[in-house]
Amino acid sequence: MKRHLLHRSLVSLSIALLCASSASAADQVKVGLLSTLSGPGAGLGTDIRDGFQLAVKHMNGKIGNLPAEVVVVDDQQNPEVAKQTAERLLKRDKVDFMTGTVFSNVMLAVGPAAFQNKTFFISPNAGPSQYAGAQCNPYFFNVSQQNDALHEAAGQTMQDKGFKRVALIAPNYPAGKDSIAGFKRFYKGEVGMETYTSLSQLDYGAEISKMRAAQVDGVYIFLPGGLGVNFIKQFVGAGLSKDVTLYAPGFSADEDVIRAVGDSMLGTFNTSQWAHDLDNAANKKFVADFQKEFGRNPSLYASQGYDAARLMDAAVRDVKGKLDDKAALRKAIEAAKFESVRGSFKFNSNHFPVQDYYLRVVSKDAQGKLTNRTVGTVFKNHQDAYVKDCKMPS
Amino acid sequence: MNTILILEQSLNGLQFGLMLFLLAAGLTLVFGIMDMINLAHGSLYMIGAYLVATFSQASGSFWLGLGLGVLATVLVGVLLEYTILRRLYHRDHLSQVMGTFAILLMSNEIVRIIWGAQPLMLNPPAALAGPVMLMDGFSYPAYRLLIIGVGLAVALLLWLLVTRTRFGMQVRAGAANREMATAMGANVRRLFTLVFALGAALCAVAGGMLGPLLAVQVGMGESILILAFVVIVIGGIGSIRGALLGALLVGLVDTAGRTLVPLLFDKAMGPEVAANAGPAVASILIYVLMAAVLFYKPQGLFPAHD
């Protein structure tokens, strides 16, 4: 009887020890990839997803040496739908990381649930000013760029090139407002026209004729995805491209848009923190493998999805799979010890990147294919304008 | 404010209005003659656009694609009428709304399954991709001019069909008084099918023509369907003439609103207010127009029933 008791307590002790050790290191990493996979913004989300999954493939299906499970869900570019889906990913699927979000209005809708749940959100695109400034959060990281940054670079470029009077167009939503504010922070010339359109608008006839009447010498558009495709086609169709030079942020003149618009894109200047011709080993491998895997050139979005997965990988490896130790995991993500495809990468105190921004132009490559070519650097080690408002809780 | 801007916006409004008319014409006939609310009308527009895009890409010719796409959409429309809608004619409006809304949701899913969730990009024929010089200093997209031309031609054909043919006479009789038309010997059941086929064809023309200008995507029918309903409410249910006038009114008011309202706000209250309130107020304008018309003429401008 006594021996029996001893035996039982030994068994339970060893079980307890086993449990304790398995609680400290997870046996897999679960990622909730909530992205826009239908509607006009579908191309963006698809590229983020493909970039992310290519990285996971490069890491042999693992993130930080642990088997990775990526749950891909469509947010339909709808904040309400996204909110419900995010709850499901957090509560039922108990994901370790959230990522995927393209649009800032969706990001602002799903962020609070993840933060409350203490789940790290690695945004591969959306970088609303709120989360860069006053509402910065220990659980939010942006691995692409603050919403204003590409626009700031474009404003600086148009200022440098001596444009006198420009037209500005953006959709009426948080990132749209951020974009114009960012552009005007660096462009000091005259703004002949400033228009906000609906996020679902596809016909820009009215805006194009207003632009003609405003007699501008340059136009800057922030119209993501299908919106930009339609605008550029209609802008060239109206014959305005002869008198007005078109500038765009990198994502309105990236591979997805070039594929859809065709030759009308030739000569469009755009700004980006990444380009497929950037000369570093990680980027060369990424670009070559993406082309092989999907049969198309990667876009800015794909590079951001790829980097999001690589960042998670480095962080999980750093904490040796102990995903429950939130403080250590946060430190590991902040350190960002991964080779970004854009070259050097580091986080600012508000969890947004400090990085270089480049000017690209759409031109024909050696094979006569239409693509972006990097022409120069606009900003070196640029940080966003909101970091001073961020009091990051430690 | 200059002349070119006004001219260009009027053409834009005309182009938008004519495309709305193609949708509203089918909708108003179905509603007027059969007293049937068809929320799936926008789905035919979407299916038409997808079929035209698919046939154009497969054949390499936009015009061939448009022709084949319209024929195929008519087939889909007739099939839909024959199998499902026919059973809803004698039910009340609520059942019709529920039934056709179900069709709308299913069409969206079926299209998503067949063509995928990403929008299709369709380019206009190369010869029409550029601008046309209309007068000194004013060039206008050739493709939009083509849309205006096609819209006007279809409107003319419809007018001839409705006012000058036996079919048209029966349609008008059916819209004015269905029981009497049946009593006078019109085969109303066959008439319904024909009207439905005509409506589907008009949807496909609109979807196919707008495809290259906009994007062909899942759910494209819903937003434009609401406007088409506004058009037939303004124009008077069951009236082709009302649909044409209503569509042009809505097209012009919408386009003018998007230009003028922000300009006015800008002058009165500064660019910040204009940027925020301008687009919002502009998008309300057509509903204000509808409310005003209904206040003075509750039956719409040209009601078919008296």
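This one's a predicted model, so the numbers in the text were calculated from it and none came from an experiment.

Conventions and cut-offs
- Residues numbered from 1 in each chain as written.
- Chains lettered and ligands numbered in written order.
- Predicted model: local features only at pLDDT ≥ 70, side-chain atom pairs only at ≥ 80, totals over all residues.
- Heavy atoms only, no water.
- Contact = heavy atoms within 4.5 Å.
- Buried area = accessible area lost by both parts, 1.4 Å probe.
- Salt bridge = Lys/Arg side-chain N within 4 Å of Asp/Glu carboxyl O.
- Polar contact = N/O pair within 3.5 Å; in protein donor to acceptor, adjacent residues only side chain to side chain.
- Helix = DSSP H or I, 4+ residues; strand = E, 2+ residues; numbered from the N terminus.
- UniProt positions renumbered as here; feature names shortened; annotations may be inferred.
- Core = buried A, V, L, I, M, F, W, Y, C linked by side-chain atoms within 4.5 Å.
- Buried < 20%, exposed > 50% of the residue type's maximum accessible area, 1.4 Å probe, protein only.
- Domains from an automatic or database assignment.
- Pairing = 2+ DSSP bridges.
- Axes fitted to C-alpha atoms, helices over the stretch in contact; angles between N-to-C directions.
- Right-handed = clockwise from strand over helix to strand, strands pointing away.
- 1 Å grid on protein atoms, 1.4 Å probe; cavity = no way out; pocket = protein on both sides within 12 Å on 5 of 7 lines; lining within 4 Å.
- Points joined across faces, edges and corners; volume = space filled by probe spheres on them.
- Nonpolar A, V, L, I, M, F, W, Y, C, P; charged D, E, K, R; others polar.
- Parallel < 35°, antiparallel > 145°, perpendicular 65-115°, else oblique.

Peer 1: Help me out: how do you make sense of the interface of chain A and chain B in this one?
Peer 2: Accessible area lost upon the coming together of the parts serves often as the stated size of an interface. Tallying the contact residues gives 32 residues for chain A and 34 residues for chain B. A buried area of about 2500 Å², summed over both sides, lies between chain A and chain B, and 50% of it is on carbon and sulfur atoms. In this assembly, chain A and chain B are joined by three salt bridges. Where chain A packs against chain B, one counts 13 residue pairs in polar contact (both at pLDDT 80 or more). Taken together, the elements giving at least two residues each to the side of chain A that touches chain B come down to helix 2 (42-58), helix 8 (205-214) and helix 9 (226-237) of chain A.

Peer 1: How should the UniProt feature "domain: Leucine-binding protein" (unreviewed entry) in chain A be read in this particular structure?
Peer 2: Residues given the UniProt feature "domain: Leucine-binding protein" (unreviewed entry) here are residues 28-365 of chain A. Secondary structure content for residues 28-365 of chain A is 43% helix and 21% strand, and the end C-alpha separation is 43 Å.

Peer 1: What exactly am I supposed to notice about the nonpolar core here?
Peer 2: Taken as a class, soluble globular proteins show a tendency for nonpolar side chains to be buried jointly. Grouped together as the largest cluster of nonpolar side chains are 215 residues, with contacts concentrated most on A:F97, A:M211, A:F231, A:F235 and A:I333. Top contributing element to this core by residue count: helix 8 (residues 188-210) of chain B, with 15 residues. The residue makeup of this core includes at least three contributed by each of domain 1 (29-145 + 278-351) and domain 2 (149-272 + 358-382) of chain A. Sequence-distant contacts of A:F97, defined by excluding residues within four places in its chain, comprise A:V29, A:K30, A:V31, A:G32, A:T119, A:F120, A:I122, A:M312, A:V316, A:L323, A:L329 and A:I333. In this structure, B:L18, B:F138, B:Y140 and B:I148 belong to the second largest nonpolar core, which totals five residues.

Peer 1: Explain the environment of B:S10 here, please?
Peer 2: Residues and elements named next belong to chain B. Here S10 lies in helix 1 (residues 3-34). Residues S10 and G251, 241 residues apart in the sequence, show an inter-C-alpha distance of 9.1 Å. Within the local environment of S10, its side chain forms a polar contact with the backbone oxygen of I6, the two atoms lying 2.6 Å apart.

Peer 1: I would appreciate a short explanation of the side chain of A:D307 in the present structure.
Peer 2: With respect to the helices and strands, A:D307 occurs in helix 12 (residues 300-318). A polar atom in the side chain of A:D307 sits 2.8 Å from the side chain of A:R342.

Peer 1: Would you explain the sheet that holds strand 6 (residues 140-142) of chain A in this entry?
Peer 2: Backbone hydrogen bonds hold the strands of a sheet together, and the pairing may be parallel or antiparallel. Residues and elements named next belong to chain A. Strands sit in the order 2-3-1-4-5-6 across an open sheet of six strands; the sheet is mixed. Of all the strands in the sheet, the pair left with one neighbour each is strand 2 (62-63) and strand 6. Two strands pair when backbone bridges link them, and strand 1 (residues 29-35) and strand 4 (residues 97-99) are joined in this way by three bridges, in the parallel orientation. Residue pairing in the sheet places G32 in a bridge with M98 of strand 4. Sitting on the sheet, helix 13 (residues 326-335) is in contact with strand 4, strand 5 (120-123) and strand 6, with an inclination near 15° to strand 5.

Peer 1: Help me understand the pairing of strand 5 of chain A, please; the structure alone is not making it clear to me.
Peer 2: Looking along a regular strand, one sees the side chains alternate between the two faces of the sheet. Residue and element names in this part refer to chain A. Alternating residues of strand 5 divide into F120 and I122 and F121 and S123, and every residue in both groups is buried. Where strand 4 lies against strand 5, three bridges are found, and the strand directions are parallel. Paired with T99 across the two strands is I122, which belongs to strand 5. Crossover connection from strand 4 via helix 4 (residues 104-116) to parallel strand 5: handedness right-handed. Here strand 5 pairs with strand 6 via three bridges, running parallel. Of the residues in strand 6, the one forming a bridge with I122 is F141.

Peer 1: Got a minute to help me understand empty space enclosed by the protein in this structure?
Peer 2: Any empty space left between atoms is shown by rolling a water-sized probe over those atoms. Residue and element names in this part refer to chain A. Throughout the structure, instances matching the rule amount to four cavities of 30 Å³ or more. Size it by volume and the largest cavity reaches roughly 130 Å³. Lining the largest cavity are 15 residues, with V102, N125, Y173, F222 and F251 positioned closest to its centre. For the lining of the largest cavity, a count of residues per class yields ten nonpolar, five polar and no charged. Residues lining the lining of the largest cavity come from more than one domain, with at least three contributed by each of domain 1 (29-145 + 278-351) and domain 2 (149-272 + 358-382).

Peer 1: Explain the packing of helix 6 (residues 166-176) of chain B against helix 8 of chain B to me, please; I cannot follow it from the model alone.
Peer 2: Packed helix pairs are specified by the crossing angle of their axes together with the interaxial distance, meaning the distance between the axes. Residues and elements named next belong to chain B. Helix 8 packs onto helix 6 with a crossing angle of 105° between their chain directions and a minimal axis gap of 11 Å. Comparing the axis directions of helix 6 and helix 8 gives the class roughly perpendicular. Every residue of helix 8 that contacts helix 6 at F167, Q170 and V171 is listed here: L191, L194, V195 and L198. For the contact of helix 6 with helix 8, the class distribution of residues is six nonpolar, one polar and no charged.

Peer 1: Quick question: what am I supposed to make of the environment of B:V78 here?
Peer 2: All names here are of chain B. Here V78 shows up in helix 3 (residues 62-83). On the accessibility criterion, V78 (27% relative accessible area) is partly exposed. Put simply, V78 and L122 are 44 residues apart on the chain and 26 Å apart in space, counted from C-alpha to C-alpha.

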